[in-house]
Amino acid sequence: MILKAAKFASDKHKGQFRKGNLNTPYINHPIKVAYVLEKVGGVSDPETIAAAILHDVIEDTDTTHSDLRNIFNEKVADLVLEVSDEKDKPRDERKAMQIKNASNLSYEAKLIRIADKICNIQDICGADIPNWSYEQKFEYLEWAKGVVDQLKGTHKLLENHFFDEHRWGRLKL
Ligand code: ZN
């Protein structure tokens, strides 16, 4: 299932790049999120790992919930939908919704959400996304912390890793 998810996500994200960095194919990001889940969080459930690899296909490609249900299963499709923003809403509203809805996510969706924020901070404050301004990076860091603050008590190792990365990100700014 994990390999099938990797194949599916790589096909769907083909030609997409990571936050404007033409050196980083988009697929690098969801693979890293799945890797962090297993490596840092010890998460081994194949459906959760597959959903992590697929976590942006509804939001950023033409994939639908029913595609994922047909190709994978209900649980994987539901998890990906849970962590997808509603694309038709304005950016600020989507960001506010993530904070507001964080505590309503399922346990597995919360794990994916925390791992996603860990990877985004690493990329934004590291070398992967060099063209963001100080303000953009600062705003992202504080917003991501706002989301993960709502997820406290989900998974100690992942949360601690997030707050370590957040501190490191603040120092790197
Ligand atoms: Zn992501």
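Attention in this report is confined to the structure presented alongside it. In this text the structure is predicted, and so the values were computed from the model without any measurement.

Criteria and cut-off values
Residues numbered from 1 in each chain as written. Predicted model: local features only at pLDDT ≥ 70, side-chain atom pairs only at ≥ 80, totals over all residues. Heavy atoms only, no water. Salt bridge = Lys/Arg side-chain N within 4 Å of Asp/Glu carboxyl O. Buried < 20%, exposed > 50% of the residue type's maximum accessible area, 1.4 Å probe, protein only. Core = buried A, V, L, I, M, F, W, Y, C linked by side-chain atoms within 4.5 Å. Helix = DSSP H or I, 4+ residues; strand = E, 2+ residues; numbered from the N terminus. Contact = heavy atoms within 4.5 Å. 1 Å grid on protein atoms, 1.4 Å probe; cavity = no way out; pocket = protein on both sides within 12 Å on 5 of 7 lines; lining within 4 Å. Points joined across faces, edges and corners; volume = space filled by probe spheres on them. Nonpolar A, V, L, I, M, F, W, Y, C, P; charged D, E, K, R; others polar.

Let's talk about the pattern of salt bridges
For step 1, the next point in the chain: Under the counting rule described, the total for this entry stands at 15 salt bridges.
For step 2, the next point in the chain: Close ionic contact of Asp-149 with Lys-152 constitutes a salt bridge, the shortest N to O distance being 3.4 Å.
For step 3, the next point in the chain: Judged by its relative accessible area of 54%, Lys-152 is exposed.
For step 4, the next point in the chain: One salt-bridge network, in which partners are shared between bridges, spans Asp-45, Glu-47, Lys-75 and Glu-108.

Observations concerning the nonpolar core
For step 1, the next point in the chain: Ranked by size, the top nonpolar core spans 48 residues in total, and within it Leu-37, Leu-54, Leu-68, Val-80 and Phe-162 carry the most contacts.
For step 2, the next point in the chain: A per-element tally of this core places helix α8 (residues 107-125) first, with 10 residues.
For step 3, the next point in the chain: Residues within four places of Leu-54 in sequence aside, it is in contact with Ala-5, Phe-8, Ala-9, Leu-68, Phe-72, Val-76 and Val-80.

Here we look at the layout of surface pockets
For step 1, the next point in the chain: Here the largest pocket defines a volume of roughly 480 Å³.
For step 2, the next point in the chain: In terms of lining residues, the largest pocket is bounded by 22 residues, among which Lys-19, Glu-59, Asp-85, Gln-98 and Trp-143 are the most central.
For step 3, the next point in the chain: Every element with two or more residues in the lining of the largest pocket is listed here: α4 (57-60), α7 (91-101), α8 and α9 (134-149).
For step 4, the next point in the chain: Volume-wise, the second largest pocket comes out at about 230 Å³.
For step 5, the next point in the chain: Along the walls of the second largest pocket sit 14 residues, with Glu-82, Ser-84, Asp-85, Met-97 and Asn-101 positioned nearest its centre.
For step 6, the next point in the chain: If you list the elements that add at least two residues to the lining of the second largest pocket, you get α6 (74-82) and α7.
For step 7, the next point in the chain: With 5 residues, the top contributor of residues to the lining of the second largest pocket is α7.
For step 8, the next point in the chain: A breakdown of the residues in the lining of the second largest pocket according to their chemical character gives 4 nonpolar, 3 polar and 7 charged.

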